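Each chain, written out:
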Amino acid sequence: MKTLFFYEMKKILQRKIVWICMLISILIILITVSASVLGDYEAYQTERAYEKALSGRLIDDTLLKEMQEAYAKVPLDQEKYSHTDEYQTYARPYSTIFNTVRRLTGLVTKEVLTELDNEKDIYRVRMQYLERDWNALLLSEKEKAFWREQEEQRESPMTFRYAEGYNMLMMHANTIGLLCIFMVSVYLANVYTEEHIRKTDQLILSSKYGRGHTFLSKYLAGMFVAGMISLIFILFTFGVEFFIYGAEGFEVPLQLVYGQSSCQISVGQAVLILYSMILLASIFEGAFVMMLSEVLHSSVGTLSVAIGIIILTMMISVPEEYRLLAQMWNFLPSNVVAVWGTFSRYLVELFGNLYQTWQVAPVVYLLLGVGAACVTKVSFVKYQVNGR
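Quick caveat: nothing in here was measured; it's all calculated off a predicted structure.

Could you clarify how one ought to interpret the side chain of Asp60 in this entry?
If you trace the backbone, Asp60 turns up in the loop between helix H3 (41-54) and helix H4 (61-72). Of the buried charged residues, Asp60 lacks a salt bridge, with Arg57 as the closest side chain of opposite charge at 5.4 Å. One polar contact links the side chain of Asp60 to the main-chain amide nitrogen of Leu63, over a distance of 3.2 Å. Beyond its immediate chain neighbours, meaning those up to four positions away, Asp60 contacts Glu119 and Pro157.

Written out as structure tokens, the structure reads:
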């Protein structure tokens, strides 16, 4: 079986399209990650210097007042007030605090300056913002109580720290995740169809191991390739992000980067969870694509269905009124790879306990992956008997 496994690996990886797509993907990742720096490197350096100067300061009354006084000097009524000398001189050094407060509270520009008198107002307005969000999502009272309890565990006041590397990793996660899923679909679309079409599968089936070992070798090889390729993309993304933006700020509270979340974890932990979900989603996508490959007996049909689903999930969102469907929609690989999918406010209740999406998704993917493997094997064995 070991020989068959490496043989199947070789068949997948020796195709030119695999290496061409990999190079294109790496180029896409490089452009995506470095776009903000390439656009205006001097501006990026300035912003980074301002952020590092504020790193370690409490978001308290003193810092809030400094930020508000700086922005009060800016003519905010102008359409492009960020281009004015007043903004560049007074407000820009505090822009990262301004944006952090906006993320925490959901307030617009002028409201940040008029509705927050002190640090306690930030967290009071934040709770109002979260309650509106939870109501809009039609969360149950039990779910709301869960998130309120999470908010109560939050440190107050929060400490601002430079964490641009992790911020960018979260910002780019959806793009990287969709790229991984798309490429896995391309790589594995013909795993089972090629030999059926060429009628060469009987050469392998004539070995002493028969259908069972042949199926398992193909399946494991496909899963391994899906995981390996995705891991390469993820590690490359981490390397470039940290090289450009730095790796400081692992311990920063998630809320300072993704304000809609109440999860009491650090942004570094959130990034590890998010990219682990990308890896798992890619592996599951591999299982799903191989199932389609065997059932449809067409690489074109397989690729059309797989890519069609990805495009569909990008174009359509399920209204909150259809709670169960909306929650299931979040578990699709092309949705769970986004920060709003992995850290969805929807919770899953099991045996009286509430669990978050990222805690449940690995089990869901494992069960569905086993189901996909069973369907693939039944179809594979049936074809070898009746498909001639």
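Read on for the rest.
Sorry, what's going on with the layout of surface pockets here?
It is a probe the size of a water molecule, rolled over the atoms, that shows where empty space is left. Quantified by volume, the largest pocket comes out at close to 550 Å³. Among the elements of the structure, H3, helix H6 (95-105) and helix H10 (164-188) are those that each provide at least two residues to the lining of the largest pocket. In terms of residue class, the lining of the largest pocket is built from 12 nonpolar, six polar and seven charged.

Looking at this structure, how should I read H6?
Residues three or four positions apart in an α-helix share a direction because the helix packs 3.6 residues into each turn. A large share of H6 lies buried, amounting to eight of its 11 residues. Among the residues of H6, Ser95, Thr96, Ile97, Phe98, Thr100, Val101, Leu104 and Thr105 are the ones counted as buried.

What is the right way to look at helix H16 (residues 323-330) in this model?
Among the residues of H16, Ala326, Gln327, Trp329 and Asn330 are the ones counted as buried. The arc that holds every buried residue of H16, seen down its axis, measures 155°, which confines them to one face. Buried positions along H16 lie against helix H15 (299-315), helix H17 (333-336), helix H18 (339-342) and strand S1 (348-350).

Can you walk me through the pattern of salt bridges in this structure?
Once their charged atoms are close, side chains differing in charge can pair, the charge on each being opposite to the other. In this structure the tally under the stated criterion is 13 salt bridges. Among the salt bridges present, the one from Glu131 reaches Arg148, with a minimum N-O distance of 2.7 Å. With a gap of 17 residues between them, Glu131 in helix H8 (residues 119-136) and Arg148 in helix H9 (residues 141-152) connect regions that are remote in the sequence. One salt-bridge network, in which partners are shared between bridges, spans Arg126, Glu151 and Arg154.

Explanation requested: the nonpolar core in the structure shown.
If you look at soluble globular proteins, the nonpolar side chains tend to sit buried side by side. Of all hydrophobic cores here, the largest spans 116 residues; its most connected members are Met67, Met170, Tyr187, Leu188, Tyr275 and Phe343. Examining the composition of this core, we find that 15 residues originate from one element, H10, more than from any other. Not counting the four nearest positions on each side in its chain, Tyr187 is found in contact with Ile12, Arg15, Ile17, Val18, Cys21, Met22, Ile229 and Phe233.

Criteria and cut-off values
- Residues numbered from 1 in each chain as written.
- Predicted model: local features only at pLDDT ≥ 70, side-chain atom pairs only at ≥ 80, totals over all residues.
- Heavy atoms only, no water.
- Helix = DSSP H or I, 4+ residues; strand = E, 2+ residues; numbered from the N terminus.
- Buried < 20%, exposed > 50% of the residue type's maximum accessible area, 1.4 Å probe, protein only.
- Lys, Arg positive; Asp, Glu negative; His and termini not counted.
- Salt bridge = Lys/Arg side-chain N within 4 Å of Asp/Glu carboxyl O.
- Polar contact = N/O pair within 3.5 Å; in protein donor to acceptor, adjacent residues only side chain to side chain.
- Contact = heavy atoms within 4.5 Å.
- 1 Å grid on protein atoms, 1.4 Å probe; cavity = no way out; pocket = protein on both sides within 12 Å on 5 of 7 lines; lining within 4 Å.
- Points joined across faces, edges and corners; volume = space filled by probe spheres on them.
- Nonpolar A, V, L, I, M, F, W, Y, C, P; charged D, E, K, R; others polar.
- Arc of directions from axis to C-beta.
- Core = buried A, V, L, I, M, F, W, Y, C linked by side-chain atoms within 4.5 Å.

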